[in-house]
Amino acid sequence: MKPKTKSTLKKFAEEQRTRTCSRLVDEKCGKDGPVGTPCCSRIKADPKVVGGFSVLNALDDFGRERLSKHYFMRDFLYSEIASVHGIPNVPEDAELAVKAGKALCRNLLEPLRHVFGHVTIRSAFRSVSVNGFGNCHDMSCSSNKASYANHVWDHKDGDGFMGATACVVIPWFADWMNEKDGRDWRVLAWFIHNHLPYSEMVFFVEHAAVNLTWRGDPDDPELDDDVRKFDGDVENIVWRSEPRRYVKSFKVPKGLLIENGEWKNGPAPKNHYDDCLHDLASDRPAVSDYLRALRDARREEDKRFQDLVASWKAQKLRISFDKWRSEEVLAIRKAWKDENKGVAPFDEKERWYEKRQAEDAGP
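The model shown is predicted, which means the values in this text are computed figures rather than measured ones.

**Q** Looking at this structure, I do not really get the overall build of the chain. What am I missing?
**A** Tallying secondary structure elements over the chain gives 13 helices and seven strands in all. Viewed in the frame of its principal axes, the chain has a C-alpha envelope of about 85 × 60 × 40 Å. The burial tally for the chain puts 44% of its 363 residues in the buried class. At a minimum sequence separation of 6, the contacts of the chain that also span at least 24 residues come to 65%.

Structure representation (structure tokens):
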């Protein structure tokens, strides 16, 4: 721990004692005098509301929501910005936040845990208040609009998809990476890219920390199974993520590593990647079969993504793949709505739209 860390935290903690009524037995809190006197702290106790239920009760209930076999919503609620600045990290749409969190855990975090062991959550859900404050004050937060279906789990993005991001550290991988010179974070990027239905990855300097994002259809019925089954097993992964497949980094080599599913700066050296898989198999003998099953299971999703990229390239448009995909998604949603066809998974809407386009084009 850096000396500045210790001194900064000590000063901040002491300041909090002067503004908060601690109510410790036989101790004055610095604001109110002895226990039993009226509280004049700037921090007021949470009042009971309807039926004796308070915001604290509601948050306690929200935190108990189980997202998968090994994760609960409370695991994803801590925020340094919220803690330091006293901004409650509270969702506006708790149901959507939980649904997006379940998909993130089911399709990315549980499979990673299945392979590497413990996955540490550094930062995850942010309310629009927390994220907006962080963006306004240059605290490494994107704008709220850019963070929807990302760190802001409880708002859909502009295309109507839900999503969730968690910044994670994998201790096994961090230790492996630091054992020998030359090993770097790109091995993990390569691993996730080859095996899991991610939407985006953003890597940071310390411990190969990565912002890992899943994004997809909130109306997909396959996402609504019993969360206790979400344990990383291949058959429980829902491969229909909304594809973006880009990877960038704030760590050398900085910038865009993967764009539209294709390597821009090249993966980590193959011998390092092979070493990682070998060491994983040595620690966990069953991992090789598991990884082979992952690769087999995602082939259909890979083809879907490659077909989308090929369609974009064939049109020779002067817009990015993401922009093109967004326009396609909005056109599909509008056509479906204009036909008053009701609620359905997006892949059903997509198939219907493609069929209609083919019919309109004629022989």
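**Q** What's the story with the pairing of strand S5 (residues 246–249) in this structure? I'm lost.
**A** Each regular strand carries side chains that alternate between the two faces of the sheet. As defined by bridge partners, strand S3 (residues 200–203) adjoins S5 across four bridges and the pair is classed as parallel. When the sheet's bridge partners are listed, Glu200 is paired in S5 with Tyr246. Strand direction decides the pairing type here: S5 and strand S6 (residues 255–259), joined by three bridges, are antiparallel. Opposite Ser249, over in S6, you have Gly255 as the bridge partner. Here S5 folds back onto S6 in antiparallel fashion, the turn holding five residues.

**Q** Hey, could you run me through the packing of helix H4 (residues 94–116) against helix H10 (residues 287–297) in this one?
**A** Two quantities define a packed helix pair, namely the angle between the helix axes and the distance between the axes. Two numbers describe how H4 lies on H10: the axes approach to 10 Å, and their chain directions differ by 150°. Overall, the two elements H4 and H10 adopt an arrangement that is roughly antiparallel. Packed against H4, whose contacting residues are Pro111, His114 and Val115, the element H10 presents Val287, Tyr290 and Leu291 at the interface.

**Q** Please explain the pairing of S3 as it appears in this structure.
**A** Of the two faces of S3, the one holding Glu200 and Val202 and the one holding Met201 and Phe203 are both buried throughout. Relative to strand S4 (residues 210–216), S3 is paired through four bridges, and the arrangement is antiparallel. Across the sheet, the residue bridging to Met201 is Leu212, located in S4. Between the antiparallel neighbours S3 and S4 lie six residues, among them His207 with a positive phi of about 60°.

**Q** Looking at this model, I keep getting lost on helix H11 (residues 299–314). Mind explaining?
**A** Structural remark: α-helix, 3.6 residues per turn; residues separated by three or four positions point the same way. The terminal C-alpha atoms of H11 lie 22 Å apart, and with 16 residues this matches the ideal 22 Å at 1.5 Å per residue to within 8%. Of all the residues in H11, the buried ones are Glu301, Asp302, Phe305, Leu308, Val309 and Trp312. Projected down its long axis, H11 carries its buried residues within an arc of 125°, all on one side. Exposed and facing more than 90 degrees away from the buried side of H11 are Arg299, Glu300 and Ala314.

**Q** Sorry if this is basic, but what is going on with the environment of Phe76 here?
**A** Turning to its location among the elements, Phe76 is positioned in the loop between helix H2 (55–63) and helix H3 (80–85). For Phe76, a relative accessible area of 1% gives the class buried. Residues Phe76 and Glu65 lie 11 residues apart in sequence; the distance between their C-alpha atoms is 11 Å. Those residues in contact with Phe76, other than ones at most four positions away along the chain, are Leu67, Tyr71, Cys105, Leu109, Ile121, Ala124, Phe125, Trp153 and Ala166.

About the cut-offs
Residues numbered from 1 in each chain as written. Predicted model: local features only at pLDDT ≥ 70, side-chain atom pairs only at ≥ 80, totals over all residues. Heavy atoms only, no water. Helix = DSSP H or I, 4+ residues; strand = E, 2+ residues; numbered from the N terminus. Buried < 20%, exposed > 50% of the residue type's maximum accessible area, 1.4 Å probe, protein only. Contact = heavy atoms within 4.5 Å. Pairing = 2+ DSSP bridges. Axes fitted to C-alpha atoms, helices over the stretch in contact; angles between N-to-C directions. Parallel < 35°, antiparallel > 145°, perpendicular 65-115°, else oblique. Expected span 1.5 Å × (residues − 1). Arc of directions from axis to C-beta.

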